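Read off the chains here:
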Amino acid sequence: MRVFRLSVVPAGLTILVALVLTACASATKDNTATWSTDKLYSEAKDETKAGAWDKAIGLFDKLEGRAAGTTLSQQAQLEKAFAQFKTGDKIQAVATLDRFLKLHPASPAIDYALYLKGLVNFNDNLGLFSFITRQDLSERDQKAAKDSYEAFRELVNRFPESKYTTDARQRMTYIVNSLASYEVHVARYYFSRGAYVAAINRAQVAISDFQGVPAVEEALEILIQSYDALGMIDLRNDSRRVLEKSFPQSVLLGKGRTEAKAWWKFW
């Protein structure tokens, strides 16, 4: 006959296991389970005031679910996006805002959502940093700037009377001037290296993509100089006529290479 032996677990081990299980249960317990939605919102706001953005995100996330279908849920979603932005998690912030815009197209807070989406991708060192330090803007930075511009443009077009529109317009101007100045900087770099075809290509990008901005003046000058260096007289003369017509008071006309106005002086 087969005999089964029962093993005896030491008492100390039993106590240890019990403590571990108790700790696990405590760790998974939701201390907010009995909170009202108003208390959840109040606590989340306190965390934002204290700069505890990660804690605030968790509370706003819970509030969004518990208050589903109410304006408080929408408010939680927007404030969660702002908290994500403050932590530097731009991807999640944009995802939260995109979901808000999709789920609540008639919300009275659409203008703020668009403004915040533009703000998330906005970089106020976009032009200054790259131009002064001679570092290239990465494709990621340029994409973020363009995404920011598109969000601001939608805000301006859809909500011209919004309290966020004036600031959005100024930021759009900054973005366009920064990107155009970067293209001109690259074109100038190529020209200084004798890469005249590359200089022409980058100058033309600035002229075609960023019409009406101050950087176009220098882009046209680079075209004139590059075409002249290549012996392409007709194209040089055409570019000069465009410069004369577009910027009749330009200091670059007939005076050789002159330092253009600083890129950031466009306000």
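No experiment lies behind these values; they were computed from the predicted model shown.

We now examine the overall build of the chain. Looking only at helices and strands, the chain has 12 helices and 0 strands in total. What you see in the chain, going N to C, is helices and strands ordered as α-α-α-α-α-α-α-α-α-α-α-α. In the chain, which comprises 267 residues, the proportion classed as buried is 39%. In the chain, the proportion of contacts linking residues at least 24 apart, taken out of those at least 6 apart, comes to 57%. As displayed, the chain offers around 16100 Å² of accessible surface, 55% of which is attributable to carbon and sulfur atoms.

Summing up the model confidence of the chain, the mean pLDDT is 83 and the portion of residues at 70 or higher is 78%. Throughout residues 128–135 the model reports pLDDT below 50, and contacts reaching past four residues in sequence, or to other chains, amount to 14 contacts. The low-confidence segment residues 256–267 (pLDDT under 50) makes 23 contacts with residues lying over four places distant or belonging to another chain.

Before going further, it helps to spend a moment on helix H3 (residues 53–66). Along its 14 residues, H3 runs 20 Å from first to last C-alpha, staying within 8% of the 20 Å computed at 1.5 Å per residue. Listed as buried for H3 are Trp 53, Ala 56, Ile 57, Leu 59, Phe 60, Leu 63 and Glu 64. Buried residues along H3 sit in contact with helix H2 (37–49), helix H4 (71–86) and helix H5 (90–103).

Okay, the side chain of Lys 80 next. With respect to the helices and strands, Lys 80 occurs in helix H4. For Lys 80, a relative accessible area of 4% corresponds to the buried category. A distance of 2.9 Å separates the side chain of Lys 80 from the side chain of Asp 61, its partner in a polar contact. Those residues in contact with Lys 80 that lie beyond four places of it in its chain are Ile 57, Phe 60, Asp 61, Glu 64, Thr 96 and Arg 99.

Here is what the cut-offs are and how they apply
Residues numbered from 1 in each chain as written. Predicted model: local features only at pLDDT ≥ 70, side-chain atom pairs only at ≥ 80, totals over all residues. Heavy atoms only, no water. Helix = DSSP H or I, 4+ residues; strand = E, 2+ residues; numbered from the N terminus. Buried < 20%, exposed > 50% of the residue type's maximum accessible area, 1.4 Å probe, protein only. Contact = heavy atoms within 4.5 Å. Areas by Shrake-Rupley, 256 points an atom, 1.4 Å probe, with all protein chains shown as cover. pLDDT = per-residue confidence, 0-100. Expected span 1.5 Å × (residues − 1). Polar contact = N/O pair within 3.5 Å; in protein donor to acceptor, adjacent residues only side chain to side chain.

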